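# Structural characterization, general
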Amino acid sequence: MSDLQHIRNFSIIAHIDHGKSTLADRFIQHCGGLASREMAEQVLDSMDIERERGITIKAQSVTLDYTARDGQVYQLNFIDTPGHVDFSYEVSRSLSACEGALLVVDAGQGVEAQSVANCYTAIEQGLEVLPILNKMDLPQADPDKVKLEIEEIIGIDASDACPVSAKTGLGIEDALEYLVEKIPPPEGDREAPLQALIIDSWFDNYLGVVSLVRVKQGVLRKRDKFIIKSTGKSHQVDSIGIFTPKRLETGLLQAGEVGFVVAGIKDIQGAPVGDTLVSAQHLDVPALPGFKRVKPQVYAGIFTISSDDYEDFRDALAKLTLNDASLFYEPETSDALGFGFRCGFLGMLHMEIIQERLEREYDLDLITTAPTVIYEVLKKNGELVQVDNPSSLPDVGDIEEMREPIARCSILVPQDYLGNVITLCVEKRGVQKDMQFLGAQVSLTYDIPMAEVVLDFFDRLKSVSRGYASLDYGFERFEAAKLSRLDVLINGDRVDALAIIVHHDQVQYRGRALTEKMKELIPRQMFDVAIQAAIGGKVVARQTVKALRKNVTAKCYGGDVSRKRKLLEKQKAGKKRMKQVGNVEIPQSAFLAVLKVDS
Amino acid sequence: MLTELPPLGLYIHLPWCERKCPYCDFNSHEAQVIPEQAYIQALLQDLDGELARAQGRQLSSLFIGGGTPSLFSAAAIATLMAGISARLPLAKHFEATMEANPGSAEADKFAGFRAAGINRLSLGVQSFNDAQLQALGRVHSAAQAHAAIAMAGRAGFDNLNIDLMHGLPGQQSERGLDDIRSALSYQPTHLSWYQLTIEPNTLFHKRPPTLPVEDTLAAIQEGGEDILVAAGLSAYEVSAWSLPGRECRHNLNYWSFGDYLAIGAGAHGKITWPDGRIERYAKRKQPKEYMQAQAGAFTGSQRWLSAEDLPGEYMMNALRLAEGTELQAFTQRTGLSLETIEAPLAALSQRGLIEIVDGKLRCSAVGWRFLDTVVAEFF
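Residues numbered from 1 in each chain as written. Chains lettered and ligands numbered in written order. Predicted model: local features only at pLDDT ≥ 70, side-chain atom pairs only at ≥ 80, totals over all residues. Heavy atoms only, no water.

Stated precisely, the cut-off is as follows: UniProt positions are given in the numbering used here, feature names are shortened, and annotations may be inferred rather than shown by experiment.
By the naming in an unreviewed UniProt entry, chain B goes by Heme chaperone HemW and is assigned to Sediminihaliea albiluteola. Listed in UniProt under the heading Cofactor (unreviewed entry), the comment for chain B reads: "[4Fe-4S] cluster". The UniProt entry for chain B carries this comment under Function (unreviewed entry): "Probably acts as a heme chaperone, transferring heme to an unknown acceptor. Binds one molecule of heme per monomer, possibly covalently. Binds 1 [4Fe-4S] cluster. The cluster is coordinated with 3 cysteines and an exchangeable S-adenosyl-L-methionine."

You'll find chain A entered in an unreviewed UniProt entry as Elongation factor 4, with Sediminihaliea albiluteola given as the organism. Under the heading Catalytic activity (unreviewed entry), UniProt records this for chain A: "GTP + H2O = GDP + phosphate + H(+)".

## Remarks on the overall build of chain A
Quick note on the threshold: Numbering of helices and strands runs from the N terminus, with a helix taken as a DSSP run of H or I at least four residues long and a strand as a DSSP run of E at least two residues long. The buried label applies to any residue whose accessible area, calculated with a 1.4 Å probe on protein chains only, is under 20% of its type's maximum; exposed applies above 50%, and partly exposed to all values in between. A contact between two residues is defined here by any heavy atoms of the two lying within 4.5 Å. Calculation of accessible area relied on Shrake-Rupley with a 1.4 Å probe; when residues are assessed, cover is drawn exclusively from the protein chains displayed. Under the counting rule used here, the positive set is Lys and Arg, the negative set is Asp and Glu, and His together with the chain ends is not counted. To locate a charge, the coordinates of NZ of Lys, CZ of Arg, CG of Asp or CD of Glu are taken.
A tally of helices and strands in chain A yields 13 helices and 33 strands. By its C-alpha atoms, chain A is 80 × 60 × 60 Å across when sized along the principal axes. Buried positions account for 59% of the 599 residues belonging to chain A. Contacts in chain A between residues at least 24 apart in sequence constitute 69% of all its contacts with a sequence separation of at least 6. Accessible surface, chain A as shown: approximately 24600 Å² in total, 47% of it carbon and sulfur. Chain A carries 70 positive and 87 negative side-chain charges, and their two centres are separated by 8 Å.

## Comments concerning the pairing of strand β22 (residues 384-387) of chain A
All names here are of chain A. Stated precisely, the cut-off is as follows: Strands are labelled as partners when DSSP assigns at least two bridges between them.
With burial as the criterion, only one face of β22 is covered, namely that bearing Val 385 and Val 387; the residues Leu 384 and Gln 386 on the opposite face remain uncovered. Two strands pair when backbone bridges link them, and strand β21 (residues 375-379) and β22 are joined in this way by four bridges, in the antiparallel orientation. Among the inter-strand pairings, Glu 376 is bridged to a residue of β22, identified as Gln 386. In this antiparallel pair of consecutive strands, β21 and β22, the connection spans four residues, and Gly 382 shows a positive phi of 90°.

## A word on the sheet that holds strand β17 (residues 360-363) of chain B
All names here are of chain B. Strand order across the open sheet formed by three strands is β15-β17-β16, with antiparallel pairing between neighbours. Two strands in the sheet have a free side with no partner beyond their single neighbour: β15 (325-326) and β16 (354-357). Relative to β17, β15 is paired through two bridges, and the arrangement is antiparallel. Looking across to β17, one finds that Thr 325 is bridged to Leu 361.

## Points about the packing of aromatic side chains
Both the distance between ring centres and the angle between the ring planes are used here to describe each pair of aromatic rings. All names here are of chain B. Where we set the bar: Centres within 6.5 Å make a pair out of two Phe, Tyr or Trp rings, where for Trp the six-membered ring is used; the pair is then stacked when the planes are under 30 degrees apart, edge-to-face when over 60, and tilted otherwise.
Counted by the stated rule, this structure contains 20 aromatic pairs over all chains. With a centroid separation of 6.5 Å and 70° between ring planes, the pair formed by Trp 193 and Trp 241 is classed as edge-to-face. One end of the pair, Trp 193, is in strand β8 (residues 190-195); the other, Trp 241, is in strand β10 (residues 240-242), with 48 residues separating them in the sequence. Taken as a pair, Trp 193 and Trp 241 share a single burial class, namely buried. Judged by centre distance (5.3 Å) and plane angle (80°), the rings of Tyr 314 and Phe 330 are edge-to-face. With a gap of 16 residues between them, Tyr 314 in helix α12 (residues 309-318) and Phe 330 in helix α13 (residues 327-334) connect regions that are remote in the sequence.

## With respect to the interface of chain B and chain A
By a widespread convention, an interface's size corresponds to the accessible area lost as its parts come together. We count it as follows: We define buried area as the total accessible area lost by two parts upon association, computed with a 1.4 Å probe and summed across both. The term salt bridge refers to a side-chain nitrogen of Lys or Arg lying within 4 Å of a carboxyl oxygen of Asp or Glu. Throughout this description, a polar contact denotes any pair of N or O atoms lying within 3.5 Å of each other; where both atoms belong to protein, one of them has to be capable of donating a hydrogen while the other can accept it, and for residues adjacent in sequence the pair is counted only when both atoms sit in side chains. Each residue gets one of three labels, nonpolar for Ala, Val, Leu, Ile, Met, Phe, Trp, Tyr, Cys and Pro, charged for Asp, Glu, Lys and Arg, and polar for the others, Gly among them.
At the junction of the two partners, chain B supplies 39 residues and chain A supplies 27 residues. Summed over the three residues of chain B that lose the most area to chain A, namely Phe 370, Asp 372 and Phe 379 of chain B, the buried surface amounts to 21% of that side. Where chain B touches chain A, the interface holds five salt bridges. The shortest N-O distance in the salt bridge between Glu 214 of chain B and Arg 524 of chain A comes to 2.8 Å. Applying the counting criterion to the chain B and chain A interface returns 15 residue pairs in polar contact (both at pLDDT 80 or more). Taken together, the elements giving at least two residues each to the side of chain B that touches chain A come down to β8, α9 (214-230), α10 (249-255), α12, α15 (365-369) and α16 (371-376) of chain B. It is α16 of chain B that provides the largest number of residues to the side of chain B that touches chain A, a total of five residues. For the side of chain B that touches chain A, a count of residues per class yields 16 nonpolar, eight polar and 15 charged.

## What to know about the environment of Ala 322 of chain B
By the secondary structure assignment, Ala 322 of chain B is in the loop between α12 and β15. Taking the C-alpha atoms as reference, Ala 322 of chain B lies 5.5 Å from Glu 237 of chain B; in sequence the two are 85 residues apart.

## Some details on the packing of α12 of chain B against α13 of chain B
Residue and element names in this part refer to chain B. As a reminder, the rule being used: Here an angle of 0 to 180 degrees is reported between the N-to-C directions of two axes, which are lines fitted to C-alpha atoms, with helices fitted over the stretch in contact. Working definition: roughly parallel below 35 degrees, roughly antiparallel above 145 degrees, roughly perpendicular at 65 to 115 degrees, and oblique for all remaining angles. Crossing handedness is read from the near helix: turned anticlockwise from the far helix by less than a right angle, it gives a left-handed crossing, and turned clockwise, a right-handed one.
Two numbers describe how α12 lies on α13: the axes approach to 11 Å, and their chain directions differ by 125°. As the angle between them shows, α12 and α13 are arranged oblique. Judged by the twist between their axes, the crossing of α12 over α13 is right-handed. Facing Leu 310, Pro 311, Tyr 314 and Met 315 of α12, the residues of α13 in contact are Ala 329, Phe 330, Arg 333 and Thr 334. Tallied by class, the residues present in the contact of α12 with α13 amount to six nonpolar, one polar and one charged.

## Some words on unusual backbone geometry
All names here are of chain B. Note that the residue after Gly 66, namely Gly 67, is joined by a cis bond; omega there is 20°. Within the secondary structure layout, Gly 67 lies in the loop between β4 (59-66) and α2 (74-87). Unlike most non-glycine residues, Gln 55 shows phi in positive territory, near 50°. As for its placement among the helices and strands, Gln 55 is situated in the loop between α1 (36-54) and β4. The residue Asp 358 is not glycine, and still its phi comes out positive at about 50°. Using a relative accessible area of 75% as the deciding quantity, one classes Asp 358 as exposed.

## Quick look at the UniProt feature "binding site: GTP" (unreviewed entry) in chain A
Residue and element names in this part refer to chain A. Under the feature "binding site: GTP" (unreviewed entry), the UniProt entry names Asp 17, His 18, Gly 19, Lys 20, Ser 21, Thr 22, Asn 134, Lys 135, Met 136 and Asp 137. Note that Lys 20 resides in helix α1 (residues 20-30). You can see Asp 137 is positioned in the loop between β5 (128-134) and α5 (143-154). Leave out the neighbours within four places in its chain, and Asp 137 touches Ser 165, Lys 167 and Thr 168.

## Here's the deal with the domain arrangement of chain A
Residues and elements named next belong to chain A. The following threshold applies: Start and end points for every domain follow an automatic or database-based domain assignment.
The domain architecture assigned to chain A consists of domain 1 (4-182), domain 2 (195-279), domain 3 (298-369), domain 4 (375-481) and domain 5 (485-596). Listed per partner, the contact involves 22 residues of domain 1 and 16 residues of domain 2. A combined buried area of about 1500 Å² lies between domain 1 and domain 2, and 53% of that area is made up of carbon and sulfur atoms. Among the residues of domain 1 in contact with domain 2, Ser 61, Thr 63 and Arg 93 are the three that bury the most area, contributing 30% of the side total.

## Some details on the domain arrangement of chain B
Residues and elements named next belong to chain B. Here the domain parsing of chain B yields domain 1 (8-253) and domain 2 (306-378). Using only C-alpha atoms to locate each centre, domain 1 and domain 2 end up separated by 28 Å. Tallying the contact residues gives six residues for domain 1 and five residues for domain 2. Note on domain 1 versus domain 2: buried area summed over both sides is about 490 Å², and carbon and sulfur give 59% of it. If you sort the residues of domain 1 by the area they bury against domain 2, Tyr 236, Glu 237 and Val 238 come out on top, with a joint share of 69%. Here domain 1 and domain 2 share one salt bridge between them. A salt bridge links Arg 320 to Glu 237; its shortest N-O distance comes to 2.5 Å. Of the residues forming the side of domain 1 that touches domain 2, the biggest block, three residues, is contributed by strand β9 (residues 234-237). Of the residues assigned to the side of domain 1 that touches domain 2, the class counts are four nonpolar, one polar and one charged.

## Focus: the nonpolar core
What counts here: In this text, buried Ala, Val, Leu, Ile, Met, Phe, Trp, Tyr and Cys residues form a nonpolar core when linked through side-chain atoms within 4.5 Å.
Ile 12 and Phe 110 of chain B are the most contacted members of the largest nonpolar core, which totals 77 residues. Ignoring anything within four residues of it in the chain, the contact list for Phe 110 of chain B reads Ala 100, Asn 101, Leu 121, Leu 123, Ala 148, Met 151, Ala 152, Ala 155 and Phe 157 of chain B. If you look at the next biggest cluster of nonpolar residues, it comprises 52 residues, including Leu 358, Tyr 417, Val 442 and Ile 448 of chain A.

Next up, the structure:
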């Protein structure tokens, strides 16, 4: 066990692709946390989806024993943070368990907007931020320019920024020394009564709830009784220890340390993230500040294709929210899709990942409807309502004014791509608020309707800047706008789950693009399928999926049925991925057609 | 438990062809010389092993398919037929069909086949247009086809089927209808009239020909139906047309989920046992392996149908028939109660794809055109 002076708790702030996970892997390797044969690449990204997409979604931690050049052994607790703009909430959670953060910047690409935002969060929380220049092995590395950028854009001293290459292993030990030297040890009285913060909780099918905690004061031991502050419920520690990154029981966690606690909590809401653990003998110890709840920015309905799966779906959502407090859900009923949930997400990536996790980890077949932001509607009777679902928009006659959310967007872009980025911002109905030239980069501030930002702005921004522009955004205000609900009618019947809210200027274009895309996605059926887009009663676009003339195997020799059987079984399996709306079979993908429209 | 075993047919596969057609996905093999004697011996030895499956039933029909069965000599067919009737009792109105290619060499044997006991001939004409026949890779000409039909009549085949395909590469709708008119000029008792479909594992699948567009296919289909109906034929099955009373009994037995023994390379059989179990099996596919097989080793694969298999298997056959099926027959032939198919029946009749009248189930006119959609509901 380490005394406080020999503990360092840190996070890594980095933009996607700037090499955070690779650097973490190097640290683990250097400290001998895993034998090299166990080093699956990027060991901390443990969810399949994280590995596949090369991004971090959930906070993870690892405890490393580092023998420094002064001969002393330090306990390094590294708490991983997600790097995508959608997950900034997770970042502040991870940072609250640390005394310092490494700001990893690609020495070729320079500072990115997301890192700027996260650095500010770290500085606000009183963390020591240490700049690390990564990818020094690449020919385009320009450390002096990037140091200058760090100082100009973020405003921290970068003169002794540590040059490394996580890929080749260059400077890894220097970085560890730098970390031990600069990041302050944690404070906390080990003799005082227990006070520990839940950084993360997740559900394990064998163990029940597993929580990642940071002990602020006192000691928590195996078989100790503790109370969860918010629920007031008492639990006994079954297992306690650290991640190396394998789970290793240590029997106790002391003030300053980070590790896991398992206490036989079966109720998935039993150990909420941000809650405080105190000793059962010292109930008067106050709760720690916890985390600010973030408001979801994007809402979509999720339904099971088979109504038999509804209960499983509800359980799965409950389990997911345990360690993803930013996921919001409430029951929703759709005429077309039946019972499901309206879910709120931090952004589109978050939405995709949740759907993927539900389908993969819980084996559900789901339909997600077109995502929407939250609108404010002032009714003629003076009532102000918030609408997160196009189908629950009040009657047009009752609406005095519709207001859309505006996002304040901070964009960092190399000068070469400035023109492209400005064009994109204008196309997305953006209003420029500020523009500053900082070194080789330009810092742009735009107010852009949230609906445009969450849809595909980030991807478009990346493509018009060859990946160099970066984005951070947050909700700014509601603003009056000319908006309408674009309904989609299938064979004359309005399908509630297909409605979207659009700006008046885009009605024609969106209506046409949406119906064209749906025509591609809906397979031919026994009758013509008319797809119409309409505002109020007025049809603005129409497409027809022509009927199949027939679907019958012409020749069938009764003798050998095997091939025909396979054909019919395949047809049946394909049908399971369809939703019957009225008489029309609509594939899952058509409900998200709005996202697949080429812009 | 089944109260009564279904009627029994016998399928015999003769696997050789002069040339394999590019659309054909049956178990057929090109050969210049056919080991006739050895193959007939193998067939009869195979049949010895099948006798237990007959369970004392008499044969109501047999069907010799291929390949090109008419490549065999009349003497070989006579040996085969004699061997069969020596082993199994034949029903009173026994139907014995043989497939024949309308080439001149084959036509000369028709009388011999008739004398051997074959009483129904199925001629693989496919088209009366030389260009189309060539595109299909057929070895015969239009003139040979005409001659073969005439020869079949002279040989005493009053029960004659003409196989015709439509939707052929580059076919215009008038050409497709001309083929039907040509066939009808012979007043055939039976027509198998079906659209060319490209099957996997065929030459056409690898190098697809240009097929007519959907509108042309529909024009041929609808125009052809009108002509056939006017000629007094009716479609008793999706692709099978006949004069009243001249339906192919062997095929009807397939479609009504009857039983059939199978002998010959790659032949498929289906047998119901008194305890209610139903088996499907197939003989070894390669002619060489088949002929070398010892007694009892002819079978290549065998499986028992499960309760989940049965509704789909029954319906994919029974609903091909215009008159459909008695619901009671479903229970009789599968041993399952009607409750097992209650849900799909309700859904399909609500969509207007099937009709249930007086205990009889059949497809509606629309349902018949979308038969695969209908049948998929039972899987």
